[in-house]
Amino acid sequence: MPAPSSGVVPVETAHDDMIHDAQLDYYGKRLATCSSDRTVKVFDIVNGSPSKAASHTLKGHTGPVWQVAWAHPKFGNMLASCSYDGKVFIWKEQAQGTTSGEWTKIEEHALHTASVNSISWAPHELGAILACASSDGKISVLTLKDDSKWVPDIFNAHAIGCNAVSWAPATHPGSLILPQQPGTHQPSAFKRLVSAGCDNLVKIWCFREETQSWVEEERLEGHTDWVRDVAWAPNIGLPRSYIATASQDKTVLIWTKDSPTSPWVKTALDPSASTTPNPAGKFPDVVWRVSWSLAGNILAVSCGDGKVTLWKENLQGIWECVSDLAS
Amino acid sequence: MRSTPHLDVLPPLVEAGKTDELVESGRTLFTAVSPLNDSYAVFLVPLFEKLSTRPKPTDSDEQNVYFVSSKPPPSTERRLFIGDTSIIFAAMQNLTKTVDKNGVYSTQQESIQRSIRKLALDYVNFARECWIHTSRMAGEIDQADADHYRSLYTCLSLFTILYLPEYGMENAPVGDDLMEWLNIHFIEPSTEEGDHLSGLERPWEDETFWPYLTRAILRGLPKAVAFFLGTLAEHPSGNLRRLAQSIIPLLSTQPKLQHFDAERDFAYASHRWREKVKMLRIELDDVPESDRRDSFEDWWDRFSDIVGILEGREEVIRKVCEDLGADWREVCVAWGVFVDTRLRRQDLPDVVAQVLEDMPPDPTILEDMVHVALFMGDPLKALEHAAQLDPWLSAHLADMMEPLSLVEQQAVNDESELSVREFYVLSYTHYLHSDPAMWRITVSYMYSCGKVGAAAADEILVRVPLRLQSKPSNTNDSSHSQADQGDLSAVVKDVNATCHEYQREAARRTVCKIAAQTFVQRKEYGLAISYYSSAEDWPGLGRVIDRVLQEYIRSGPEQYTKFVSGIAPSLQGLRANSAAHGVFIHRLMFAVRYAEFHQRLLNRDLQDAAWDLVSMLQEGIAPKAWWAVLLCDAIELLQYDPTPLFSYASACTLLRDLDEIISRTAQGAGEDYLKILESKLQIDGQKDSQKQLQLVRFALAKYFARCAMIGTGGTQTVRRMVDPTV
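These notes cover the structure that comes with them. From a predicted model like this one, the values you see are computed outputs, not experimental measurements.

On to the overall build of chain A. Along chain A, the regular secondary structure elements total zero helices and 26 strands. Across chain A, every contact between residues at least 6 apart in sequence was considered, and the portion connecting residues at least 24 apart equals 45%. Carbon together with sulfur atoms contributes 51% to the accessible area of chain A, which is approximately 12800 Å² in total.

As structure tokens, this is what we get:
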């Protein structure tokens, strides 16, 4: 079909060093970036281009900032950042009338003893909750209580270090919420997350209300080297869960679980058909990152070969590379 | 496997072919998806392992973030087309709603099929109009647009002819309909050629004469044929002159199906007509070898080809088409008109397969590939090619194919649990999402695709930008502020209505909560409360009330009463709402009553203010945390000189509550009782809450002393007790 060419205007971040992460907010109207220059920046994006209006620079970290993550807007404009300095900061924009306000650090989380590599906000239904994965092998979970206090939970997760963390969708797929009747309770949403470790393992953790603690629920074995990233797919409307994992072993595995009681089944993405000849199921280099689209139907895979490939399940249920991005 | 679409960023981060250098320098590409339109933010990142050895970059371009999308957003033309055809799609949805769970229509098949045909013709007409419109605009916009709509038009009309004939005509011969389709969409021979030949005195001397005449006969164009055969009356060969005269009536009497009521009559007429053609062949064969050529052309061979076509000789039609440069379509269509006049839709694939063996289609032309698949009776293949041509086409074809049972209604496989129709309609919605302004259309298509579609649509709906911060509000100008609010909620209301329409309660509540949070930030507490109650988020509502109460602590009574006047009206509605949680309603009641109290103080209506204060404490409306604040408020009233404002009993209430605060604080529960007072004192620049409480005690002591002097329970104050006005 006709494809009108459109000019692409890059966002000049003006960071003093390489950037490590860039994330768009809930509406895709703002961009947050973080860098080795120890800062986080926030830009307004208007019609796909950066706004000329002021950008904000958030300072405070004392090491490279690895990741940024936007909270759900029902909690206000909140942003979390994690750094090599072992700290996690939560920033909030204090509204000033209708104009964008100033960003202030509202929480400093310093319980980790090594670099914090990854952060992830829980599904909004669970409240304002942030999970953090650290090189000290621990995962911490920060929960906002009473609209003001952040309460941490911290537990050992992976022996040598924890590289990434991702939350399961909060609601059972396909469940409907009906207008609440007085005296009835909605089924409580469950807190579950998945982590990727330097022990080549992927682990699923669940919060037990009765003991008020996080317990290892399942471990997914399949990678033969460090697991670099993990992404639990959003609820796609079926009673099935998908997890994507990326590893130093040059593979991406898609783990599926058909129902809450069935086992996890793994499938490797096969890039051999579209790229230079590699052993089946192997990417040309280490796979660093996996991320799902909002509807959970497209998976973006960042490989060490300088390419990003986009994957989609075709009509036959086979994962196919639908597009690739290169510099 | 087909090659995957490839996207590059501009200006390039790395020069072409230098990706290796990028990798060697220890960097790669990362992406982040944009919820707005599924585009991707792309940026260079250093890899962890090489971080320490890496030199600090000098080129600031390396810190740029690029936005790329595999789906360019639609043009204005295209948007109109998408919008208009979505109305037909909606009509189709209403039609298929009459299908029960087993795929059986509750309405009669005949009426369903007629309705689908009508809608299909609507699509055909829209595609045609868009083609005509864009062709006229050609020059201003890309010619490719016009060509694109033309190809949609050919595919849709072919689909309609082959799969949606008039009801009852499914088993009728299809040749004439296909010839009409071919003549509309692939016009041959060209008008220019005809004009050129008609200007010649002896047109048969022109090399284009016979090919033109042959093609006009093949296409069944009676006027052109009669005219040029007529010119042969001047030809030097008497035989040709005679033959031309004989063939003219034959051509004009070739039976057409549409002129017959019964197919049997048509078949009989065709048979008799074929007999006459045989006579012509005999006549032709009688022409002596010596007269079969004129000085330009072997006219006899040319004429023999024409008679061969009329006789329905396959090999002649193929040869003629090849000579004329016609493609497989022309051969197949001519087959149905000349070779097998009773050719039916179901027989077509066999014929097409035969023809394609010698005349394969061009696999790079997607339109042709869709035509081949439709001719071959392979709807799945047609959809596959259509999806590459335009996701719009595959979505709308699949949408019509399902109720016609051309594709499975059930899920194709266990993995995706999507039916063929759902798969293609959802693929189209992903394209639609490239334009966030089309969210209404996007979700209407998504919600027609089962649970998977609904989940995807929810994600779109909850992310429709609410534009709650687009206009500055000026709280000093109330008229402007109201107009602003009307504007403000427009998108939220629209999204809310859409959620209601598709019964997406969870999505609706999420949107309401976001709106409420935004209004809280803007201190539009009244709107915040109405959105939290709409979302049935009672803790959220409680937080708004706390925020309003904090306004008292931070900004004092005047600001506070102003804010409460914004939330007071919602109290009535919430009391009537049985689902509303009592605790939060109670807190709201306190906020309103407390504001009334301050309003009276500001108005110097001290007697009523005193009565308000005591009743808030007596009725248990005031939370314990606020008791101390209320008691401090009482100091001024207790000290009012002209007249005592509290009855003895009321003063005792104040004393009792004061005692409770002091004794509980002594027991270590100070946090519960003094928190609010302390934060207020802090803002006022004072620190000691105990000191304040002592002032209350002192004021009370003095008051009791006054009461004793006037006489216990002075008359004025007693009257107040029996005259409750609030």
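Our focus in this paragraph is the sheet that holds strand 13 (residues 138–145) of chain A. Residue and element names in this part refer to chain A. Read across the open sheet, the four strands follow the order 11-12-13-14; overall the sheet is antiparallel. Both edges of this open sheet fall to strand 11 (116–121) and strand 14 (149–156), since each of them pairs with a single strand only. Averaged over all pairs of adjacent strands, the angle between strand axes in this sheet comes to 20°, irrespective of strand direction. As defined by bridge partners, strand 13 adjoins strand 14 across eight bridges and the pair is classed as antiparallel. Its bridge partner being in strand 14, Thr143 is matched across the sheet by Val151.

Let us look at the packing of helix 16 (residues 379–389) of chain B against helix 17 (residues 391–401) of chain B. All names here are of chain B. The N-to-C vectors of helix 16 and helix 17 enclose an angle of 150°; their axes lie 6 Å apart at closest approach. One element, helix 16, and the other, helix 17, form an angle in the roughly antiparallel class. Here helix 16 contributes Pro379, Leu383, Ala386, Ala387 and Leu389 to the contact with helix 17, which in turn contributes Pro391, Leu393, Ser394, Leu397, Ala398 and Met401. Considering only residue class, the contact of helix 16 with helix 17 consists of ten nonpolar, one polar and no charged.

Residues and elements named next belong to chain A. Along strand 24 (residues 298–303), six of the six residues are buried, which leaves the element largely enclosed by surrounding structure. Here strand 24 shows two buried faces, one formed by Ile298, Ala300 and Ser302 and the other by Leu299, Val301 and Cys303. Judged from the five bridges that link them, strand 23 (residues 287–292) and strand 24 form a sheet pairing that is antiparallel. Directly across from Ser291, in strand 24, lies its bridge partner Ala300. Taking the residues between adjacent antiparallel strands as the criterion, strand 23 and strand 24 are bridged by five residues, where Gly296 takes a positive phi near 75°. The antiparallel hairpin formed by strand 24 and strand 25 (residues 307–313) contains three residues in its connecting segment, where Gly306 sits at a positive phi of about 85°.

Here we take up the pattern of salt bridges. Residues and elements named next belong to chain B. Evaluated as defined, the whole model comprises 51 salt bridges over all chains. For Asp399, the salt bridge goes to Arg421, with nearest N and O atoms at 2.7 Å. One end of the pair, Asp399, is in helix 17; the other, Arg421, is in helix 18 (residues 420–432), with 22 residues separating them in the sequence. The exposure classification of Asp399 matches that of Arg421, with both residues buried. Between Glu619 and Arg593 there is a salt bridge whose closest N-O contact spans 3.4 Å. Separated by 26 residues along the polypeptide, Glu619 in the loop between helix 28 (606–618) and helix 29 (624–638) and Arg593 in helix 27 (residues 582–602) bring together distant segments of the chain. For Arg593, a relative accessible area of 13% translates into the label buried. Counted as one network, the salt bridges with shared partners bring together Glu188, Arg215, Arg219 and Glu330.

Formed by 235 residues in total, the largest nonpolar core has its most connected members in A:Leu299, B:Phe303, B:Tyr594, B:Trp626 and B:Phe646. If we ignore the near neighbours within four places in the chain, the residues touching B:Phe303 are B:Trp210, B:Leu240, B:Leu243, B:Ala244, B:Ile247, B:Leu280 and B:Leu284.

Using the criterion set out here, one finds 46 aromatic pairs over all chains in the structure. The interplanar angle of 90° and the centroid separation of 4.9 Å between the aromatic rings of A:Tyr26 and A:Tyr27 together place this pair among those described as edge-to-face. For the pair A:Tyr26 and A:Tyr27, a shared accessibility class is recorded, and that class is buried. Taking the centre distance of 5.0 Å and the plane angle of 85° together, the rings of B:Tyr552 and B:Tyr594 count as edge-to-face. Of this pair, B:Tyr552 sits in helix 25 (residues 538–555) while B:Tyr594 sits in helix 27, and the two are 42 residues apart along the sequence. In this structure an aromatic cluster arises from ring pairing among B:Tyr552, B:Tyr560, B:Phe590, B:Tyr594, B:Phe597 and B:Trp626. The ring of A:Phe207 has A:Lys191 lying over it, and the distance from NZ or CZ to the ring centre is 4.7 Å. The aromatic ring of B:Phe186 is capped on one face by B:Arg329, whose charged end is 4.3 Å from the ring centroid.

Moving on to the side chain of A:Arg30. All names here are of chain A. Looking at where Arg30 falls in the secondary structure, it is placed in strand 3 (residues 30–35). The buried category is assigned to Arg30, whose relative accessible area is 9%. Polar contacts involving the side chain of Arg30 include one to the side chain of Asp44, which spans 3.1 Å.

In spatial order, the strands read 1(A)-4(B)-3(B)-2(B); together these four strands make up an open sheet with antiparallel pairing. Looking at which strands have only one partner, the edges of the open sheet turn out to be strand 1 (11–12) of chain A together with strand 2 (27–33) of chain B.

A few words now on helix 7 (residues 209–218) of chain B. Residues and elements named next belong to chain B. When you tally the buried positions in helix 7, you get nine out of ten residues, the bulk of the element. Three or more residues of helix 7 are buried, namely Phe209, Trp210, Tyr212, Leu213, Thr214, Arg215, Ala216, Ile217 and Leu218. The positive-phi residue at the C-terminal boundary of helix 7 is Gly220, with phi of around 65°.

Here we come to a negative patch on the surface. On the surface, a cluster of negative charge is made up of B:Glu671, B:Asp672, B:Glu678 and B:Asp688. Positionally, B:Glu678 belongs in helix 30 (residues 648–683).

Let us look at the environment of B:Leu571. Residue and element names in this part refer to chain B. As for its placement among the helices and strands, Leu571 is situated in helix 26 (residues 557–576). For Leu571, a relative accessible area of 9% translates into the label buried. For the pair formed by Leu571 and Leu630, sequence separation is 59 residues and the distance between their alpha carbons is 22 Å.

Another point: the pairing of strand 3 of chain A. Residue and element names in this part refer to chain A. A large share of strand 3 lies buried, amounting to six of its six residues. Of the two faces of strand 3, the one carrying Arg30, Ala32 and Cys34 and the one carrying Leu31, Thr33 and Ser35 are both buried. Both strand 2 (residues 19–24) and strand 3 contribute to a ladder of five bridges, which runs antiparallel. Bridge pairing in strand 3 places Gln23 opposite Ala32. The hairpin formed by strand 2 and strand 3 contains five residues between the paired strands, and Gly28 there has a positive phi angle of roughly 70°. Here strand 3 pairs with strand 4 (residues 39–46) via five bridges, running antiparallel.

All names here are of chain B. The interhelical angle for the contact between helix 2 (residues 76–96) and helix 18, taken along N-to-C directions, is 150°, at an axis separation of 13 Å. Overall, the two elements helix 2 and helix 18 adopt an arrangement that is roughly antiparallel. The hand of the helix 2/helix 18 crossing is left-handed. Each of Arg78, Ile82, Phe89 and Gln93 in helix 2 lies in contact with helix 18, whose residues at this interface are Arg421, Val425, Tyr428, Tyr431 and Leu432.

What counts, and at which threshold
Residues numbered from 1 in each chain as written. Chains lettered and ligands numbered in written order. Predicted model: local features only at pLDDT ≥ 70, side-chain atom pairs only at ≥ 80, totals over all residues. Heavy atoms only, no water. Helix = DSSP H or I, 4+ residues; strand = E, 2+ residues; numbered from the N terminus. Contact = heavy atoms within 4.5 Å. Areas by Shrake-Rupley, 256 points an atom, 1.4 Å probe, with all protein chains shown as cover. Pairing = 2+ DSSP bridges. Axes fitted to C-alpha atoms, helices over the stretch in contact; angles between N-to-C directions. Parallel < 35°, antiparallel > 145°, perpendicular 65-115°, else oblique. Nonpolar A, V, L, I, M, F, W, Y, C, P; charged D, E, K, R; others polar. Buried < 20%, exposed > 50% of the residue type's maximum accessible area, 1.4 Å probe, protein only. Salt bridge = Lys/Arg side-chain N within 4 Å of Asp/Glu carboxyl O. Core = buried A, V, L, I, M, F, W, Y, C linked by side-chain atoms within 4.5 Å. Phe/Tyr/Trp six-rings, centres within 6.5 Å; stacked < 30°, edge-to-face > 60°. Lys NZ or Arg CZ within 6 Å of the ring centre and 35° of its normal. Polar contact = N/O pair within 3.5 Å; in protein donor to acceptor, adjacent residues only side chain to side chain. Patch = residues over 30% accessible without salt bridge, like charges linked within 9 Å, V, L, I, M, F, W, Y side chains within 5 Å. Lys, Arg positive; Asp, Glu negative; His and termini not counted. Charge placed at Lys NZ, Arg CZ, Asp CG, Glu CD. Left-handed = near helix turned anticlockwise from the far one by under 90°.

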